[in-house]
Amino acid sequence: MSGNPDDERLEKLREEKMQELQEQAGGQGQGGQGNEAAQEAAREQAEAQQDALLKQYLTDDARQRLNAVEMSKPDFAEKVKQQLTALAQSGRIQDRIDEEQMKGLLKELQPDSKSFNIRRR
């Protein structure tokens, strides 16, 4: 990544977790419980990586706005987080995203609202 100490620590944790998962997979064989634990660990690792990327690329105000959206619309917030993570990993985010840019991104990703026309007869 960029040589940041946090990045190096995150990479080391990732490698340790992958080693641990490989050892579990080798020792457990086809055990269903071991597979579930490995999937859970992989999911937690992905979430930790996503959180690290969001902390790196979002300002505090932008993270607060995203957290507010997550409280009201968790599915939509997850979609936004995935999009931001993909943009960050592909290198398309140059600077940190501030609150105004986050507002624009949320509007852009927001699904089209359905309008209802109610007529009385």
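Residues numbered from 1 in each chain as written. Predicted model: local features only at pLDDT ≥ 70, side-chain atom pairs only at ≥ 80, totals over all residues. Heavy atoms only, no water.

Draft legend 1. Just the confidence of the model for the protein chain, in detail. Mean pLDDT over the protein chain: 83, with 88% of residues reaching 70 or higher. The lowest-confidence element of the protein chain is helix α1 (residues 5–28), averaging 74 in pLDDT; the highest-confidence one is helix α3 (residues 60–72), averaging 93. (pLDDT = per-residue confidence, 0-100. Helix = DSSP H or I, 4+ residues; strand = E, 2+ residues; numbered from the N terminus.)

Draft legend 2. Examining helix α5 (residues 99–109) more closely. Residues of α5 that are buried: M102, L105, L106 and L109. For α5, the angular spread of the buried residues around the axis is 100°, confining them to a single face. Within α5, the exposed residues directed more than 90 degrees away from the buried face are E100, K107 and E108. Buried positions along α5 lie against α3 and α4 (74–89). (Buried < 20%, exposed > 50% of the residue type's maximum accessible area, 1.4 Å probe, protein only. Arc of directions from axis to C-beta. Contact = heavy atoms within 4.5 Å.)

Draft legend 3. Representation of α3. For α3, spanning 13 residues, the distance from its first C-alpha to its last is 19 Å, which sits close to the expected 18 Å at 1.5 Å a residue. Listed in full, the buried residues belonging to α3 are A62, L66 and V69. Buried positions in α3, seen along its axis, are confined to an arc of 55° and lie on one side of it. Along α3, exposed side chains directed more than 90 degrees from the buried face belong to Q64, M71 and S72. (Expected span 1.5 Å × (residues − 1).)

Draft legend 4. Quick look at the packing of α3 against α5. Where α3 meets α5, the axes come as close as 8 Å, and the angle between the chain directions of the two elements is 35°. Here α3 runs over α5; the crossing is right-handed. Touching D61, A62, R65, L66 and V69 of α3 are E99, M102, K103 and L106, all from α5. Looking at the contact of α3 with α5, its residues break down into five nonpolar, no polar and four charged. (Axes fitted to C-alpha atoms, helices over the stretch in contact; angles between N-to-C directions. Left-handed = near helix turned anticlockwise from the far one by under 90°. Nonpolar A, V, L, I, M, F, W, Y, C, P; charged D, E, K, R; others polar.)

Draft legend 5. Focus on empty space enclosed by the protein. Here the structure, examined in full by the defined rule, presents one cavity of 30 Å³ or more. There is about 30 Å³ of room inside the largest cavity. Lining the largest cavity, in full, are L53, L54, Y57, L58, L84, T85, A88, I93 and I97. Mapped onto the lining of the largest cavity, the elements with two or more residues apiece are α2 (32–57) and α4. Of the residues assigned to the lining of the largest cavity, the class counts are eight nonpolar, one polar and no charged. (1 Å grid on protein atoms, 1.4 Å probe; cavity = no way out; pocket = protein on both sides within 12 Å on 5 of 7 lines; lining within 4 Å. Points joined across faces, edges and corners; volume = space filled by probe spheres on them.)

Draft legend 6. Local environment of the nonpolar core. Residues L58, L66, V80, L84 and M102 are the most contacted members of the largest nonpolar core, which totals 19 residues. Elements with a contribution of two residues or more to this core: α2, α3, α4 and α5. Residue contributions to this core peak at six residues, all from α4. (Core = buried A, V, L, I, M, F, W, Y, C linked by side-chain atoms within 4.5 Å.)

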